[in-house]
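A closer look at the structure
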Amino acid sequence: MFAKLESYPAALLELVAEANNAARAIPPLFPLSANVAVNPFLGQAGEPLAVTAARLARVGGVRITPSRAHWARKLDAGEIAETDLLDALSAIDGRFTAPSLQDIKAALEDEAAAPNAIPTVAELAADVSGIDWPALIEDRIGAWAAGHFDQGQALWQQVNTGGAFNAWRDFASRDLTPEIQGLKGFCSFVSKTNRSHWRAIGRASEKLGVTTGAAPTAFHRWLMTLGGWAQYGRYLLWQAELDGEQESTVTELLAVRMVFDQALFNLYEDQISARWSEAVAAHQTPVTPTGDIVIDAVLQDAAERAEQRVLADRLLRATPRTVRGRPDVQAVFCIDVRSEVFRRALESQDENIETIGFAGFFGLASAHKAAGSDVIERRGPVLLNPGVTTQAAEPEKTNLDRRYAARAKRAWGRFKLAAVSSFAFVEATGPLYAGKLVRDALGLGGVAKVDPAPQLDQKIDLQTRVGMANSVLTAMSLTDNFARIVMLTGHGADVVNNPHESALHCGACGGYTGDVNARLLAGLLNDPEVQLGLRKEGTEIPADTVFLPAMHHTTTDSVTLYEYDLPQGDSTAGLAQLKEWLATAGKLARAERAKRLPRATGAGTIQQRARDWAETRPEWGLAGCRAFVAAPRYRTGGANLSGQAFLHNYDWKRDEGFGVLELIMTAPVVVASWISLQYYGSTVAPALFGGGNKLLHNVVGGIGVLEGNNGAPRPGLPWQSVHDGNGLQHDPLRLSVIIEAPREAMSEILARHPGIRELFDNGWLHLIAMDDKGALAWRYSGDLKWTPFRGQPDVACAIAAE
């Protein structure tokens, strides 16, 4: 194999380190099968927005804040007050050369100049030759990568041994397209490159004059030109690191891209060497935000402070809603913002209904096998490795029949698409599909079959199961006063002809629906042995309480009850009434959501949209999300939060040692921030972080979508997910995290988790402490310090962690 890194020259080892850093500067692209939201600024969490804006202007040629016209409209409408601008200016003072209030107002009269990325060799070569080398490189890398990374879409698989770089060498040394376009001798040049991608990077860096000073943003720039391919490599690295393994696909793709530029430099050196030297020199300069970028960062912060004022007033003005005595129903929903609308609608049905917000994987991150499948589905936050193994339990014969049917279906599908049989198939059997086409076009498809109830691994002993149940109930702040029916509600979307379907499912469940996790927890809590163990731990579950698994279908606002999962003989008193309440709540929620959806004439049209294969906006997903609240439900229950807030039940007075608070701040908050920042990035920088136009999408390799028929996968959200055709449906605001808990406890948690702390210290998230009256009282200002909410920085009080 290749020499170990320790044997490489010191100069090359420095470049290796910079390449690995560049690999972590780009966000991962999760495959379509489990397409979770990703923070596109994941690699920049250690720096503030203004520095990241300068960095991405250099390496991506984009701005990452809204236009000045956007802010001017908000100021004219009174949505942003002058006090918000002054507070934002005070917050940024000391980090950069702060503009004055007059500078900001003057800047609003003109749009800032669009940034230009530092050019690559391919772009300089295109300027002097008239040949679109960047497009050709994107096309040829895409043609190879689509096959190399394919996850089952292609009928003929490439041989993938030896890593990405060597697979590409074998492909490129026989691909004549670059030579036909004018890159003479490219096949021979590729075949002579070193098989070690590290040495290829070193040789290209030497030829191109890329020093370790220029490498950080030069390497980042090349990776950005690879789009979704580099980001998919980052996903492979992410998964490998979770499993404690090593992975080098991203840096191997970097080597591929640099070899192209090295070959072009050899061809055009006389014409472009001076300009390329200027580009390398520009990469060597520190990443420093311009005055315009600082102004944009101040405007962004001011808008978020303005929104926090609105939220604070809305929470204080709301009439608190409390359930007196024992509730008839306790409905536990995912914290997803779409649940907020349905929870309000359900609570309006009866004063004795209590709803609870909790992370949608219900504390059981599982490696699950569906019925008739050996594919492991990671049904939990992508930040975590699965903690338990589960599978759908059914009789062996039924399982075998299911597998045989699946194999027959796959064989039939391959026959339809095979190189020879596909032509005869269309002519011979095309008319037989007329009925199916009509049914699908009219949305008359059948109801999907439901898997058998999932079961935990039988090897998990009773003591462990009791501990799992106790941990989940404690994290829910649900350890007493249980209702007769405790409905554990996962969620998922019902859409057709939508490659991004998993992006509408439960982010806390790894891009899968939440039904499996809800059914797992219900089965665990309904177990008499587990209940007996909980009783010994001090949690008494009444004999007439049943834990009922359910799933909220977010596209249609209907709820499926898995009542057949309940143990035989368990009382289901009140179930008929619950079904009536759910049906009425669904109508109310659909009516509210219909007001935002294009062409939705009323609540009755919502369900039809879910079955329409031409509908590009079956629902808005989490568009509009802007706040995360961890507090008792009575703090938010009387407020209409318009489906814009993640709501997590939390009672700090029950949280001895603040272990639950630590879990909330290090898991659900981070997942919510990824969602919020993905919507932010797809809105402000759609060319770089967005998914493009749904009407042009083609699935590639089962990984992602192309916008057209070649190139790189588009990451992020399609434009139709954030824009209704006339205006944005997502206001690009960073998430405001509001927690009712002592500031000292939150500071101590931040001190123990530097990766979480940097999100707040650098402004990617806002942290606000709620007091015991439900008012937003304190703002985290960074460096483990707090200031009174809306207060001035000079009254800051430091609360250092012990």
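Our structure's up above, just so we're on the same page.
Notes on the structure follow. A quick note: this is a predicted structure, and the numbers were derived from the prediction, not measured.

Scanning the protein chain from terminus to terminus reveals 29 helices and 18 strands. Computed over C-alpha atoms, the radius of gyration of the protein chain comes to 28 Å, within 12% of the 28 Å expected from 2.2 N^0.38 for 802 residues, which places it in the range of a compact globule. By principal-axis analysis of the C-alpha atoms, the protein chain measures approximately 85 × 75 × 55 Å. Looking at the 802 residues of the protein chain, the share that counts as buried comes to 55%. When the accessible surface of the protein chain is summed, it comes to about 33900 Å², and 52% of that surface belongs to carbon and sulfur atoms.

What follows deals with the environment of M224. Here M224 lies in helix 12 (residues 215-225). Taking relative accessible area as the criterion, M224 reaches 13% and is therefore assigned buried. Considering only alpha carbons, one finds M224 and G61, 163 residues apart in sequence, at a separation of 10.0 Å. Those residues in contact with M224, other than ones at most four positions away along the chain, are I26, L56, V59 and L688.

Another aspect to go through is the sheet that holds strand 4 (residues 376-379). As summarised here, the arrangement of the 4 strands in space is 4-3-5-6, forming an open sheet in which the pairing is mixed. Looking at strand neighbours, the two that pair on one side only are strand 4 and strand 6 (454-456), the edges of this open sheet. Going from strand to strand, the sheet's axes swing by 30° on average, the running direction of each strand aside. Where strand 3 (residues 366-369) meets strand 4, 4 bridges bridge the pair, whose relative direction is antiparallel. Bridge pairing in strand 4 links H368 to E377. Sheet contacts for helix 21 (residues 515-525): strand 3, strand 4, strand 5 (388-392) and strand 6; angle to strand 6, the most-contacted strand, approximately 55°.

What follows deals with helix 29 (residues 754-761). The set of residues buried in helix 29 consists of I756, L759 and F760. Buried residues of helix 29 fall within an arc of 95° about the axis and therefore sit on the same side. In this fold, the buried residues of helix 29 make contact with helix 25 (659-666), helix 26 (668-684), strand 14 (736-739), helix 28 (743-752), strand 15 (766-770) and strand 16 (776-782). Looking at the residues trailing helix 29, positive phi occurs at G763, about 80°.

Moving on to the environment of Y564. Secondary-structure assignment places Y564 in the loop between strand 9 (558-561) and helix 23 (575-594). Judged by relative accessible area, which is 52%, Y564 ranks as exposed. Considering only alpha carbons, one finds Y564 and A453, 111 residues apart in sequence, at a separation of 9.0 Å.

The next thing to look at is the pairing of strand 2 (residues 353-358). Burial runs high along strand 2: 5 of the 6 residues are buried. Bridge count for strand 1 (residues 329-334) against strand 2 is 6 bridges, and the pairing is parallel. Within strand 2, the residue paired with A331 across the bridge is T355. Between the parallel elements strand 1 and strand 2, the chain passes through helix 16 (residues 337-347) in a crossover that is right-handed.

All right, on to the pattern of salt bridges then. Per the stated rule, a full pass over the model turns up 45 salt bridges. For the salt bridge of E111 with R63, the shortest nitrogen-to-oxygen distance reads 3.2 Å. Taken together, the residues E111 in the loop between helix 5 (101-107) and helix 6 (121-129) and R63 in the loop between helix 2 (49-60) and helix 3 (68-76) connect sequence positions 48 residues apart. Residue class for E111 comes out partly exposed when judged on its relative accessible area of 43%. Residue R63 is classed as partly exposed on the basis of its relative accessible area of 22%. Across the salt bridge formed by R221 and E123, the nearest N and O atoms sit 2.9 Å from each other. Of this pair, R221 sits in helix 12 while E123 sits in helix 6, placing them 98 residues apart in sequence. Looking at R221, the relative accessible area reads 8%, which means it is buried. Overall, the relative accessible area of 26% leaves E123 in the partly exposed class. Shared partners join several salt bridges into a network, and the residues in it are R63, R68, E111, D292 and D296.

Moving on: the packing of aromatic side chains. As enumerated under the stated definition, the model contains 24 aromatic pairs in all. Ring centres of W168 and F260 lie 5.6 Å apart, and the angle between their planes is 55°; this geometry places the pair in the tilted category. Of this pair, W168 sits in helix 8 (residues 163-172) while F260 is found in helix 14 (residues 249-284), placing the two residues 92 residues apart along the sequence. Overall, the relative accessible area of 1% leaves W168 in the buried class. A relative accessible area of 1% means that F260 is categorised as buried. Pairwise contacts between aromatic rings join F30, W144, F149, W229, Y232 and Y235 into one cluster. Above the face of the W778 ring, R743 is positioned so that its terminal group lies 3.7 Å from the ring centre.

Moving on, we get to the nonpolar core. Grouped together as the largest cluster of nonpolar side chains are 192 residues, with contacts concentrated most on W168, F219, W276, L488, F628, F646 and L767. Take this core: its biggest share by element is 16 residues, from helix 14. Leaving out residues up to four positions away in the same chain, F219 has contacts with L15, E18, A19, A22, I201, S205, V210, L254 and M258. Counting residues in each nonpolar core, the second largest holds 21 residues, with I485, A550, L566 and W581 among its members.

With that out of the way, let us pick up the sheet that holds strand 7 (residues 485-492). Strand order across the open sheet formed by 5 strands is 2-1-7-8-9, with mixed pairing between neighbours. Looking at strand neighbours, the two that pair on one side only are strand 2 and strand 9, the edges of this open sheet. Sheet twist, expressed as the average angle between the axes of neighbouring strands with direction ignored, equals 30°. In the sheet, strand 1 pairs with strand 7 via 5 bridges, with the strands oriented parallel. Directly across from F333, in strand 7, lies its bridge partner T489. Most of the contacts of helix 21 go to strand 8 (residues 546-553), to which it runs at about 175°, and overall it touches strand 7 and strand 8.

Among the structural elements, Q308 can be located in helix 15 (residues 291-317). Look at Q308 and you get buried, because its relative accessible area is 2%. Among all residues touching Q308, those that are not within four sequence positions of it are S736, H766, I768, L776, R779 and F789.

Time to look at the pairing of strand 8. Each regular strand displays side chains that alternate between the two surfaces of the sheet. Where burial is concerned, most of strand 8 is hidden: 8 out of the 8 residues are buried. Pairing between strand 7 and strand 8: 8 bridges, direction parallel. Bridging across to strand 8, V486 finds its partner in F547. In this antiparallel pair of consecutive strands, strand 8 and strand 9, the connection spans 4 residues, and D557 shows a positive phi of 55°.

What counts, and where the lines are drawn
Residues numbered from 1 in each chain as written. Predicted model: local features only at pLDDT ≥ 70, side-chain atom pairs only at ≥ 80, totals over all residues. Heavy atoms only, no water. Helix = DSSP H or I, 4+ residues; strand = E, 2+ residues; numbered from the N terminus. Rg over C-alpha atoms; globule rule 2.2 N^0.38 Å. Buried < 20%, exposed > 50% of the residue type's maximum accessible area, 1.4 Å probe, protein only. Areas by Shrake-Rupley, 256 points an atom, 1.4 Å probe, with all protein chains shown as cover. Contact = heavy atoms within 4.5 Å. Pairing = 2+ DSSP bridges. Axes fitted to C-alpha atoms, helices over the stretch in contact; angles between N-to-C directions. Arc of directions from axis to C-beta. Right-handed = clockwise from strand over helix to strand, strands pointing away. Salt bridge = Lys/Arg side-chain N within 4 Å of Asp/Glu carboxyl O. Phe/Tyr/Trp six-rings, centres within 6.5 Å; stacked < 30°, edge-to-face > 60°. Lys NZ or Arg CZ within 6 Å of the ring centre and 35° of its normal. Core = buried A, V, L, I, M, F, W, Y, C linked by side-chain atoms within 4.5 Å.

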